[in-house]
Amino acid sequence: MAVFLLFLLPERQTPGRPAQGEAQVDMPMVALTFDDGPRTDATARLLDGLALREAPATFFVVGNRIAGNEDLIRRMRDEGHQIGIHTFDHVEVTKLSRPDFDLQVGKTQALLASLTGEGEFWLRPPYGKVDDSVRQWTDSPLILWSVDPEDWKDHDVNRIVGHILSHVQDGDIILMHDIFNSSVDAALQAVDALQAQGYCFVTVEQLLEARGIRPQAGELYR
Ligand code: NI
């Protein structure tokens, strides 16, 4: 899936008459996603690096990690990233009752809404575990991934970057974790390498939009 860059640019040009110098080439695109944070030091460093590279990403945050990191949530919003929910206590949602599911999502949702003034936060279920009940209960699209460098496993920056570069394709959703400094290093190196190859970084929402998908509650996207 390749798209025109136009949709990322401010709406200042007449449709069909792009301003001079605008990219008209098809660019491959990829969505970096970060789970399990925020973590004060690592997430701040990641946000700094992504801002420098003008690379938006998507953060699926754990609700019980928000306290003390409110400024990072606001930065995510202000700097063009997408924010999603990874439950309040990083629990397997398939093991929850309906009331507990609603609590795990609802508490996180309320915190994020109070900090950002926004209302819609998509869900990434921990461990990617979903079942029919969860798909019925949720009022959000369920976001999985297509590239998993297992950055939590060995914290080996070179291996993680190598995995991403050898597996990534246009339209991929990459799974990482912004709680490890090694993952931050690997993510920023991967951004540098892929931008040099012509890749464009987008949020999950932008990626699905570019695919022509209208996300539905309870549907899985990867
Ligand atoms: Ni997780």
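Check the entry above for the structure.
Quick caveat, the model's predicted, so the values are computed rather than measured.

Enquirer: Would you mind showing me how to read the coordination of the nickel ion here?
Expert: In an ideal tetrahedron of four donors about a metal, each angle is 109.5 degrees. In an ideal octahedron of six donors, the angles are 90 or 180 degrees. Coordination of the nickel ion by the protein comes from Asp-36 (OD), His-86 (NE2) and His-90 (NE2), over a distance range of 2.0 to 2.2 Å. Site description for the nickel ion: donor spacing in sequence, D-x49-H-x3-H. Separated by 50 residues along the polypeptide, Asp-36 in the loop between β2 (27-35) and α1 (40-53) and His-86 in the loop between β4 (82-85) and α3 (98-116) bring together distant segments of the chain. Among the residues examined, Asp-36 registers a relative accessible area of 15% and is labelled buried. A relative accessible area of 2% means that His-86 is categorised as buried.

Enquirer: Honestly, helix α2 (residues 70-78) in this entry has me stumped. Any pointers?
Expert: Owing to its 3.6 residues per turn, the α-helix brings residues three or four apart onto one side. Restricting attention to buried positions, one finds in α2 the residues Leu-72, Ile-73 and Met-76. Projected onto a plane normal to the axis of α2, the buried residues spread over an arc of 105° and lie on a single side. Looking at the buried side of α2, the elements it contacts are α1, β3 (58-61), β4 and α3. One or two positions beyond α2, positive phi appears at Gly-80, with a value near 85°.

Enquirer: So what exactly am I meant to see when it comes to unusual backbone geometry here?
Expert: Peptide bonds are trans in most cases, and residues, glycine excluded, mostly fall at negative phi. The peptide bond linking Gly-37 to Pro-38 adopts the cis configuration, its omega dihedral lying at 0°. In this fold, Pro-38 is placed in the loop between β2 and α1. The phi angle at Glu-150 is positive, at roughly 50°, despite the residue not being glycine. Mapped onto the secondary structure, Glu-150 falls in the loop between β5 (142-143) and α5 (151-154).

Enquirer: Would you explain α3 in this entry?
Expert: With 19 residues, α3 extends 26 Å between its outermost C-alpha atoms, agreeing within 8% with the 27 Å of an ideal straight helix rising 1.5 Å per residue. When α3 is considered as a whole, its buried residues turn out to be Phe-101, Gln-104, Val-105, Thr-108, Leu-112, Leu-115 and Thr-116. Just downstream of α3, Gly-117 is the residue with a positive phi angle, here 75°.

Enquirer: Looking at this structure, I do not really get the packing of helix α6 (residues 157-167) against helix α7 (residues 181-196). What am I missing?
Expert: For any two helices packed against each other, the geometry comes down to the angle between their axes and how far apart the axes lie. It is the contact of α6 with α7, at a shortest axis distance of 9 Å, that shows an interaxial angle of 40°. Regarding the angle of α6 to α7, the classification is oblique. As for the relative orientation of α6 and α7, their crossing is right-handed in sense. Together, Val-157, Asn-158, Ile-160, Val-161, Ile-164 and Leu-165 of α6 and Ser-182, Asp-185, Ala-186, Gln-189, Ala-190, Ala-193 and Leu-194 of α7 make up the contact between the two elements.

Enquirer: Is there a simple way to think about the packing of aromatic side chains in this case?
Expert: Two numbers describe a pair of aromatic rings. These are the distance of the centres and the angle of the planes. Scanning the model with the defined rule gives two aromatic pairs in all. With a centroid separation of 5.4 Å and an interplanar angle of 25°, the aromatic rings of Phe-34 and Phe-59 are classed as stacked. Of this pair, Phe-34 sits in strand β2 while Phe-59 sits in strand β3, and the two are 25 residues apart along the sequence. One exposure class covers both Phe-34 and Phe-59, and it is buried. The interplanar angle of 50° and the centroid separation of 5.5 Å between the aromatic rings of Phe-101 and Trp-137 together place this pair among those described as tilted. Remark: Trp-137 occurs in helix α4 (residues 132-137) and Phe-101 occurs in helix α3; sequence separation between them is 36 residues. The exposure class of Phe-101 is buried, given its relative accessible area of 2%.

Enquirer: What's the story with the pattern of salt bridges in this structure? I'm lost.
Expert: Opposite charge on two side chains permits them to pair, given that their charged atoms come into close proximity. Under the defined criterion, the tally for this structure stands at 13 salt bridges. Ionic pairing is found between Glu-92 and Lys-95, a salt bridge with its closest N-O pair at 3.6 Å. Salt bridges linked by common partners bring Asp-48, Arg-75 and Glu-79 together as one network.

Quick notes on the rules
Residues numbered from 1 in each chain as written. Predicted model: local features only at pLDDT ≥ 70, side-chain atom pairs only at ≥ 80, totals over all residues. Heavy atoms only, no water. Donors = N, O, S within 2.8 Å, 3.2 Å for Na, K, Ca; no water. Helix = DSSP H or I, 4+ residues; strand = E, 2+ residues; numbered from the N terminus. Buried < 20%, exposed > 50% of the residue type's maximum accessible area, 1.4 Å probe, protein only. Arc of directions from axis to C-beta. Contact = heavy atoms within 4.5 Å. Expected span 1.5 Å × (residues − 1). Axes fitted to C-alpha atoms, helices over the stretch in contact; angles between N-to-C directions. Parallel < 35°, antiparallel > 145°, perpendicular 65-115°, else oblique. Left-handed = near helix turned anticlockwise from the far one by under 90°. Phe/Tyr/Trp six-rings, centres within 6.5 Å; stacked < 30°, edge-to-face > 60°. Salt bridge = Lys/Arg side-chain N within 4 Å of Asp/Glu carboxyl O.

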